[in-house]
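Residue-level structural notes
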Amino acid sequence: MPHLCPTNTSLLELHLTGIPGLQHLHHWISIPFCIMYLVTLAGNSTLLSVIKADPSLHLPMFLFLSMLAVIDLVMSTSITPKMLGIFWFHSTSISLDACLTQMYFVHAFSVMESGVLVAMAFDRYVAICNPLRYLSILTSPIVATIGLATLLRAVVFMSPLTFQICHLPLCSPAIVDHSYCEHMAVLKLACGDTAFSNTYSLSVSTYVGSFDSLLIALSYVLILRAVLSLSSPQARKKAFSTCGSHLCVMALFYIPGLLSMYMGRYHQDLPPHIQVLLADIYLLIPPAFNPLIYGIRTKQICDGARRVISQ
């Protein structure tokens, strides 16, 4: 099979170091990483099964939740098995094609997850602020269009990054100081001019992180304003609890991701393991927590699970 990047013949195999400076702790670090991955697999798979099996859950909110579950499964599976192989068996080698494929999947699905989180915030805004028009606004074609738009945005944004690095000559030593093929870590191996890739990566990450988080914040401000007008203290308390847990999970996705990118670019004296751990956190923790926050804490999901089990 031909290589993905036929013009780049300088290196055909790379080596991932895991978490630089903490190699002696890899076995201990692997324990929470493995637990989070197992929770991700079990939680998101169960969520998808329940939503598929119960027709009463075939609503826009749960369709967006299904998209999020699929994205989380793909994103986690793209990096965690290889990461655990490094921690447990010192299996550091990865082919250039596999590395670039992993890099594309990780970054593209991160952009997709951000888009779906915006869609879910909008869904909650419509459900709370315009409940009578909820199903007329978020029809099946609209939900499908939003899902397709998040996919196309990720492809459009991430393809130039992979294309550019494909056509840069990579120099030895072929060592990537990271636990997965993160774009900036792989880019450090390039011998050619990396100005475009650096600027483009920073611009896209800043745009996606700031623009999407701003839309999410705006949606929840409008939601909270509507919640404050509720007469029932119990209803307000429940709404605040739900919104708070959602915002905490979103913060765990956006803040570590942006911090790892900016620290790696502007704080060269920072210990490398901090940047790598931040990058790992934003890819591992949200996929494990999303099914717990959006699933177990959602009454419809719990009721749907009981109906599926009883059947």
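- The name given to the protein chain in an unreviewed UniProt entry is Olfactory receptor, and the organism recorded there is Burhinus bistriatus.
- Per UniProt, the protein chain carries the Function (unreviewed entry) text "Odorant receptor."

A look at the overall build of the protein chain
- When helices and strands are tallied, the protein chain shows ten helices and three strands.
- In the protein chain, the succession of α and β elements from N to C terminus is β-α-α-β-α-α-α-β-α-α-α-α-α.
- Its C-alpha radius of gyration of 21 Å places the protein chain within 12% of the 19 Å reference for a compact globule of 311 residues.
- Seen through its principal axes, the protein chain has C-alpha atoms that stretch 65 × 40 × 40 Å.
- Each of the 311 residues in the protein chain was classed as buried or not, and the buried ones make up 49%.

Focus on the sheet that holds strand 1 (residues 13-16)
- Overall, mixed pairing links the three strands, which are arranged 2-1-3 in an open sheet. Edge strands, defined here as strands with exactly one partner in the open sheet, are strand 2 (93-95) and strand 3 (175-176).
- Sheet contacts for helix 3 (residues 96-129): strand 1 and strand 2; angle to strand 2, the most-contacted strand, approximately 85 degrees.

A look at the side chain of His107
- Relative to the helices and strands, His107 resides in helix 3.
- Here His183 takes part through its backbone nitrogen, which lies 3.1 Å from a polar atom of the side chain of His107.
- Those residues in contact with His107, other than ones at most four positions away along the chain, are Met158, Glu182 and His183.

A few points about the UniProt feature "transmembrane region" (unreviewed entry) in the protein chain
- Mapped onto this numbering, the UniProt entry gives "transmembrane region" (unreviewed entry) at residues 28-50, 62-84, 104-122, 134-155, 207-228, 240-262 and 274-296.
- Taken end to end, residues 104-122 is 100% helix and 0% strand, and its first and last C-alpha atoms sit 27 Å apart.
- Regarding residues 207-228, the helix share stands at 100% and the strand share at 0%, and the terminal C-alpha atoms are separated by 31 Å.

Focus on the pairing of strand 1
- The alternating pattern of strand 1 places Leu14 and Leu16 on a buried face and Glu13 and His15 on a face that is not buried.
- In terms of strand pairing, strand 1 meets strand 2 through three bridges, oriented antiparallel. Within the sheet, the bridge partner assigned to Glu13 lies in strand 2 and is Ser95.
- Strand direction decides the pairing type here: strand 1 and strand 3, joined by two bridges, are parallel. Looking across to strand 3, one finds that His15 is bridged to Ile175.

What about the pattern of salt bridges?
- Considering all chains together, one arrives at three salt bridges under this definition.
- We note a salt bridge from Asp54 to Arg307, for which the minimum N-O separation is 2.8 Å. Here Arg307 lies in helix 10 (residues 299-310) and Asp54 lies in the loop between helix 1 (26-53) and helix 2 (60-89), a separation of 253 residues in the sequence.

Considerations on the state of the cysteines
- Counting across every chain of the model gives two disulfides.
- For Cys99, the disulfide goes to Cys181, at an S-S distance of 2.0 Å. Between Cys99 and Cys181, the disulfide has an S-S torsion of -120 degrees and is therefore left-handed. Of the two residues, Cys99 sits in helix 3 while Cys181 sits in the loop between strand 3 and helix 6 (183-187), which places them 82 residues apart along the sequence.

Examining the nonpolar core
- In terms of nonpolar packing, the biggest core is built from 85 residues, with Leu14, Phe33, Leu65, Phe87, Leu117, Tyr180 and Ile216 touching the most fellow members.
- Among the elements that line this core, the one with the most residues is helix 3, at 17 residues.
- If we skip the residues at most four places from it in the chain, Leu117 touches Leu68, Ile216, Met250, Phe253, Tyr254 and Tyr294.

Focus: a nonpolar patch on the surface
- A cluster of nonpolar residues, Leu25, Trp28, Ile31, Ile35, Val39, Phe289, Leu292 and Ile296, forms a patch on the protein surface that exposes about 750 Å² of accessible area.
- Counting only elements with at least two residues in the nonpolar patch, the list comes to helix 1 and helix 9 (272-296).
- Among the elements that take part in the nonpolar patch, helix 1 stands out by supplying four residues, more than any other.
- Secondary-structure assignment places Ile35 in helix 1.

A word on the packing of helix 1 against helix 9
- Direction vectors running N to C along helix 1 and helix 9 enclose 35 degrees, while the axes themselves pass 9 Å from each other. Here helix 1 runs over helix 9; the crossing is left-handed. Between helix 1 and helix 9, the residues in contact are Phe33, Met36, Val39, Thr40, Gly43, Asn44 and Leu47 and Leu277, Asp280, Leu284, Ile285, Pro287, Ala288, Pro291 and Gly295, respectively.

Notes on the confidence of the model for the protein chain
- Per-chain confidence: the protein chain averages 86 in pLDDT, with 93% of residues scoring 70 or above.
- The low-confidence segment residues 1-9 (pLDDT under 50) makes 16 contacts with residues lying over four places distant or belonging to another chain.

Description of unusual backbone geometry
- In the Ramachandran plot, His90 falls in the positive-phi region, its phi being about 55 degrees despite a non-glycine side chain.
- Mapped onto the elements of the fold, His90 is located in the loop between helix 2 and strand 2.
- Given a relative accessible area of 59%, His90 falls into the exposed group.

About the cut-offs
Residues numbered from 1 in each chain as written. Predicted model: local features only at pLDDT ≥ 70, side-chain atom pairs only at ≥ 80, totals over all residues. Heavy atoms only, no water. UniProt positions renumbered as here; feature names shortened; annotations may be inferred. Helix = DSSP H or I, 4+ residues; strand = E, 2+ residues; numbered from the N terminus. Rg over C-alpha atoms; globule rule 2.2 N^0.38 Å. Buried < 20%, exposed > 50% of the residue type's maximum accessible area, 1.4 Å probe, protein only. Pairing = 2+ DSSP bridges. Contact = heavy atoms within 4.5 Å. Axes fitted to C-alpha atoms, helices over the stretch in contact; angles between N-to-C directions. Polar contact = N/O pair within 3.5 Å; in protein donor to acceptor, adjacent residues only side chain to side chain. Salt bridge = Lys/Arg side-chain N within 4 Å of Asp/Glu carboxyl O. Disulfide = S-S within 2.5 Å. Core = buried A, V, L, I, M, F, W, Y, C linked by side-chain atoms within 4.5 Å. Patch = residues over 30% accessible without salt bridge, like charges linked within 9 Å, V, L, I, M, F, W, Y side chains within 5 Å. Areas by Shrake-Rupley, 256 points an atom, 1.4 Å probe, with all protein chains shown as cover. Left-handed = near helix turned anticlockwise from the far one by under 90°. pLDDT = per-residue confidence, 0-100.

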